[in-house]
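Descriptive structure summary
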Amino acid sequence: MTPALTVTNMSKSFGGPLVLDSANLSIEPGEIRALVGENGSGKSTLIKILAGFHVPDGGSAEVHGQALHLGHGEASEALGLRFVHQDLGLVNNLDAVDNIALGAGYPSFRGGIRWRQERKRTRAALAELGYDFDVRRPAGDLAMSERTALAVARAMAPRATPAKVLILDEPTANLPAAEAERLFRLARRVADSGVAVMFVSHHFDEVFGLAQSVTVLRDGKLVITRPVAGMTEDNLIELVIGRQLEHVEHDAKAAEKREVVLQISGLGCDVLNNVDLLVHAGEIVGVAGITGSGRDEVAPALFGGTDRTGEAKINGAVVPKLRPDRAMAMGMGLVPAQRLANAAFITETLRGNITIVRPGIHWRGGILRKGPERADVRKWLDRLDVRPRNSEFTMADLSGGNQQKVVLARWLRMEPKVLVLDEPTQGVDVGAKSDIHKLVDEAAAQGTAVLVVSTDHEELVRLCHRVLILRRGRIADEFSGARMDHDLITAATIGRDQAAAV
Amino acid sequence: MTVNKQTTEPSVESKAAGHRAPAGRRIAVVLGLDRFSGLYVWAILILIFSLWVPSTFDTATNFRIIAGSQAITAMVAMGLIVPVAAGAYDLSIGGTVGMAVCIVVWFQANHHGYGLGIVVSLAFGLLVGLVNGFIVNVLNVDSFIGTLGMSSILIALTTWVTGGFQVANGISPHFTAIGQRQLLSLPLPVFYMVVLALILWWLLEYTPVGRYLYSIGGNPQAAKLAGIRVARIKTGAFLVSGVVAAFAGVILAAQLGSSGPDPGSAYLLPAFSAVFLGATQILPGRVNVLGCLIAIFLLATGVKGLQLAGAPGYITGLFNGAALIIAVALAARAYASHRKA
């Protein structure tokens, strides 16, 4: 049988070292392949070459035996390659119908677009993915999971040539477990129809749950392609990072009860309804919940990025709402979700990104002193092992994991009393993720009260002393001690009260 | 992380090497072509015109004329940098210049003295900034649209106050001295311009407020979540552009000794051109004071040289427009290739 996709000796550099070094791979029709590797290992480069964004330095690709003309988006399209890119590539002010039409056109067009027909078609395509939302709402107003579904629906929409290979770049980065499962069901159905599926993921449980085979990239080189069967998660992690990852004992993680630092009572938002919670000094409290549970509202509402009702107190003093500056002055720090939109100043230096919170520390004699500022920043780049370790590089020069460390450094530098982390390791590779977890542990050990909101339940188990489960805007359950288990947490978020049985 | 230091170090090195530019660009960097290309072009222009029309171009008087004629535009443009750094346009600066001219002339024509006129002009500039801040931050109108509307209102006000005529009676010679007297054989406005440049350079590069301005321009949402009071800083930026435009207006009135029905509008577009052209110089990719000054004097030198060589009057607009488009296009190319590397 001819493979659905063959890549031969593909190499690419951007004027420096090779970011992709003679990669070879082939995928059979109907196969589901996971592509894994740390940030900067070359996964995205490979995908972007196949999509025609980058022209490779050398190498070739074939789709069902037909040579792919590299460097041309239309050529990939014509041979049946379909993509869901990391940023999804939706146009925010267009609705679902128009977004799908961006690739596929309007099939009903005969002198005029028959909108009713188009909407029906769009609703049907989304229903197949298990989604039902107003297709006339602009994409920018949709929840993250709905946006992902829309991007997948667009990739799979019928075109002039049938889809041969579906490539998903971190499709579940913004999806909680239950919704990711729906996406997997779709991926399996797509594969069953004879289309090859390749997906990138940092979540190894997804690799084992969905893929038949896995390709590992490290530092631009293809390490191995092998079947998933007979592999353990630890094997895979070692292949990805090229060393053993140490395990941290988390079961017995119990904070000694110290004074309450963060006290939230009656917190309400769009979905959140009358939520009370306490975080003690030195304690790490997690918040889990599916999209729509109010999980994503907690951190911005607390810090003052969005409006809220209810009261938040730090050491007994009330934090006013809608005042991030006051929250900050009172000792709260926030690492927000979606780094690029909410935290990074991408064209600014690492120095500027870190000292943007209270640059005035280095203000002496009416002048911002850049020497002491650089020394200050260098200290933090060292402590967080940011690479490259140069305070004058811009944020755009860094990989996602390192960017996230810089954002974390911004707040650790303030030695906050309360640190709120919203999806702290979203789109971060395993090495950096483990570093970030350690830094959070250290901050807590020094007495910081930490609140972690995350869709990554293993992360919550790894980090937290207690995990609160949000369902429909309320706290539905709490896990700690021996009950801490990511499967139980996942089950609790979608509403099965399995936990009680354990 | 438990990684052996020795294994990590080479990878850091190789990553750093990835940022090293190819040979051609390295030479360009050594010569400062990426940051100082404007200075080179300026030098070349001066050389060309010195050879082409030596008798008129290459004279001290000519340099004095260029310096003096551009001081007002330069001040208006430098004030504009502040809101643009924070990602906000201020299209009302031309109208503010005009209104300030009109106020200070009106006070003298009505025998209230120029001192009070100057104070009221500057206060009016602040008021315009405050209203702009209100329109943009409280009414949530996009700055481009909000200040466009404000500009139209200001021009209407100026026409109303002057009655649509040239007003030139009762102007004190002490007042015109502010704009016309010379020091070290340079007109006084050149010195005002230099002092203002120093103040704004300090504000933008050596104060926390400068950091906040650029970060708001870079990513307003991230700035807000870093505890920066975005609305307050933006309003402050409009206050600066407003009061600087009013100050430039006062100096313009002193130079002219009169007020027409719309003396300020002609300064709006050159100021914007200079700010964006200036963003390709000194600190490439961001609007900055020095780059803006270089842009203004480069354009003025080119135009003056061409005029002395016998080019017709419309050469000013032609030259300025073409230079703006070409320079910004080249900078965008350089920026794109930097990003790829």
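It should be emphasised that the depicted structure is a prediction, and the values quoted were computed from it without experimental measurement.

**Things to note about the confidence of the model for chain B**
All names here are of chain B.
- Model confidence for chain B is summarised by a mean pLDDT of 83, while 88% of its residues fall at 70 or above.
- Every residue in residues 1–22 is under pLDDT 50, and counting partners more than four places away or in other chains gives 20 contacts.
- Here the complex is predicted with pTM 0.76, and the ipTM for its interfaces comes to 0.79.

**Section: the interface of chain A and chain B**
- At the junction of the two partners, chain A supplies 46 residues and chain B supplies 33 residues.
- Between chain A and chain B, roughly 3300 Å² of surface is buried when both sides are summed, and carbon and sulfur atoms account for 58% of that area.
- Contact with chain B buries area across many residues of chain A, yet A:F345, A:I356 and A:R387 alone supply 17% of it, more than any other trio.
- Linking chain A with chain B are 3 salt bridges, by the criterion used here.
- B:R229 is paired through a salt bridge with A:D325; the nearest N and O atoms lie 3.4 Å apart.
- At the boundary of chain A and chain B, one finds 10 residue pairs in polar contact (both at pLDDT 80 or more).
- A class-by-class count of the residues in the side of chain A that touches chain B yields 21 nonpolar, 10 polar and 15 charged.

**Notes on the sheet that holds strand 14 (residues 309–314) of chain A**
Residues and elements named next belong to chain A.
- A sheet is described by the order of its strands in space; here 4 strands give the open sequence 12-11-14-15, paired in antiparallel fashion. In this open sheet, the two strands that pair with only one neighbour each are strand 12 (275–280) and strand 15 (317–318).
- Bridge analysis of strand 14 against strand 15 gives 2 bridges, and the strand direction is antiparallel. Paired with K313 across the two strands is V318, which belongs to strand 15.

**Regarding empty space enclosed by the protein**
Residue and element names in this part refer to chain A.
- For the structure on display, the rule yields 2 cavities of 30 Å³ or more.
- Around the largest cavity, the lining residues are L129, Y131, S145, T148, A149, L175, E179, R182 and L183.
- At the level of secondary structure, the elements contributing two or more residues to the lining of the largest cavity comprise helix 5 (144–156) and helix 6 (177–192).

**Observations regarding helix 8 (residues 143–162) of chain B**
Residue and element names in this part refer to chain B.
- Look at helix 8: 28 Å from first C-alpha to last across 20 residues, which is about the 28 Å you get at 1.5 Å a residue.
- Tucked into the core, helix 8 has its buried residues touching helix 6 (93–109), helix 7 (114–138) and helix 13 (230–256).
- Looking at the residues trailing helix 8, positive phi occurs at G163, about 70 degrees.

**A look at the sheet that holds strand 21 (residues 466–471) of chain A**
All names here are of chain A.
- An order of 16-19-20-13-21-22 is seen for the 6 strands of this open sheet, with the pairing classed as mixed. This sheet does not close on itself; its edge strands, each paired only once, are strand 16 (332–335) and strand 22 (474–480). Across the sheet, the axes of successive neighbouring strands diverge by a mean angle of 20 degrees, strand direction being ignored.
- In terms of strand pairing, strand 16 meets strand 19 (residues 418–422) through 4 bridges, oriented parallel. If you follow L334 over to strand 19, its bridge partner there is V420.

**Focus: helix 14 (residues 400–412) of chain A**
- An ideal rise of 1.5 Å per residue puts 18 Å on 13 residues; helix 14 of chain A measures up with 18 Å between its terminal C-alpha atoms.
- In terms of burial, helix 14 of chain A is a largely internal element, 13 of the 13 residues being buried.

**Let's talk about the packing of helix 6 of chain B against helix 13 of chain B**
Residue and element names in this part refer to chain B.
- Between helix 6 and helix 13, whose axes approach to 7 Å, the crossing angle comes to 50 degrees. One element, helix 6, and the other, helix 13, form an angle in the oblique class. For the crossing formed where helix 6 meets helix 13, the hand is right-handed. Each of I93, T96, V97, A100, V101, V104 and V105 in helix 6 lies in contact with helix 13, whose residues at this interface are S241, G242, A245, A246, G249, V250, L252 and A253.
- Class assignment for the residues of the contact of helix 6 with helix 13 results in 11 nonpolar, 4 polar and no charged.

**Notes on the environment of B:T301**
All names here are of chain B.
- Here T301 is to be found in helix 15 (residues 289–308).
- A relative accessible area of 3% means that T301 is categorised as buried.
- When the C-alpha atoms of T301 and V250 are compared, they prove to be 25 Å apart, with 51 residues separating the residues in sequence.
- Within the local environment of T301, its side chain forms a polar contact with the backbone oxygen of F297, the two atoms lying 2.5 Å apart.

**Topic: the pairing of strand 20 (residues 449–453) of chain A**
Residues and elements named next belong to chain A.
- Buried residues dominate strand 20, accounting for 5 of its 5 residues.
- By the alternation rule, side chains of strand 20 split into A449, L451 and V453 and V450 and V452, which are all buried.
- The pairing of strand 19 with strand 20 spans 5 bridges and is classified as parallel. Counterpart to D422 in the pairing with strand 20 is V453.
- For the crossover from strand 19 across helix 15 (residues 430–445) to strand 20, the handedness is right-handed.

**Considering the nonpolar core**
- Ranked by internal contacts, the top residues of the largest apolar core, which has 142 residues, are A:M332, A:V467, B:M78 and B:M193.
- By residue number, the principal contributor to this core is helix 5 (residues 60–85) of chain B, which donates 14 residues.
- Those residues within four positions of B:M78 in sequence are excluded, and the remaining contacts are B:M193, B:L196, B:A197, B:L200, B:V289, B:C292 and B:L293.
- A:A96, A:A180, A:L186 and A:I241 belong to the second-largest nonpolar core, a separate cluster that totals 49 residues.

**Considering the packing of aromatic side chains**
- Applying the stated rule across the entire model yields 12 aromatic pairs over all chains.
- An aromatic cluster is built from B:Y89, B:F144, B:F272 and B:F276, whose rings are joined through pairwise contacts.
- Taking the ring centre of B:Y206 as reference, the NZ or CZ of A:K370 above it sits at 4.6 Å.
- Taking the ring centre of A:F479 as reference, the NZ or CZ of A:R483 above it sits at 4.6 Å.

**Some remarks on a nonpolar patch on the surface**
All names here are of chain B.
- A cluster of nonpolar residues, Y89, F144, I145, L148, F276 and V328, forms a patch on the protein surface that exposes about 510 Å² of accessible area.
- At 3 residues, the largest contribution of residues to the nonpolar patch is made by helix 8.
- Assignment of secondary structure puts I145 in helix 8.

Quick notes on the rules
- Residues numbered from 1 in each chain as written.
- Chains lettered and ligands numbered in written order.
- Predicted model: local features only at pLDDT ≥ 70, side-chain atom pairs only at ≥ 80, totals over all residues.
- Heavy atoms only, no water.
- pLDDT = per-residue confidence, 0-100.
- Contact = heavy atoms within 4.5 Å.
- Buried area = accessible area lost by both parts, 1.4 Å probe.
- Salt bridge = Lys/Arg side-chain N within 4 Å of Asp/Glu carboxyl O.
- Polar contact = N/O pair within 3.5 Å; in protein donor to acceptor, adjacent residues only side chain to side chain.
- Nonpolar A, V, L, I, M, F, W, Y, C, P; charged D, E, K, R; others polar.
- Pairing = 2+ DSSP bridges.
- Helix = DSSP H or I, 4+ residues; strand = E, 2+ residues; numbered from the N terminus.
- 1 Å grid on protein atoms, 1.4 Å probe; cavity = no way out; pocket = protein on both sides within 12 Å on 5 of 7 lines; lining within 4 Å.
- Points joined across faces, edges and corners; volume = space filled by probe spheres on them.
- Expected span 1.5 Å × (residues − 1).
- Axes fitted to C-alpha atoms, helices over the stretch in contact; angles between N-to-C directions.
- Buried < 20%, exposed > 50% of the residue type's maximum accessible area, 1.4 Å probe, protein only.
- Parallel < 35°, antiparallel > 145°, perpendicular 65-115°, else oblique.
- Left-handed = near helix turned anticlockwise from the far one by under 90°.
- Right-handed = clockwise from strand over helix to strand, strands pointing away.
- Core = buried A, V, L, I, M, F, W, Y, C linked by side-chain atoms within 4.5 Å.
- Phe/Tyr/Trp six-rings, centres within 6.5 Å; stacked < 30°, edge-to-face > 60°.
- Lys NZ or Arg CZ within 6 Å of the ring centre and 35° of its normal.
- Patch = residues over 30% accessible without salt bridge, like charges linked within 9 Å, V, L, I, M, F, W, Y side chains within 5 Å.
- Areas by Shrake-Rupley, 256 points an atom, 1.4 Å probe, with all protein chains shown as cover.

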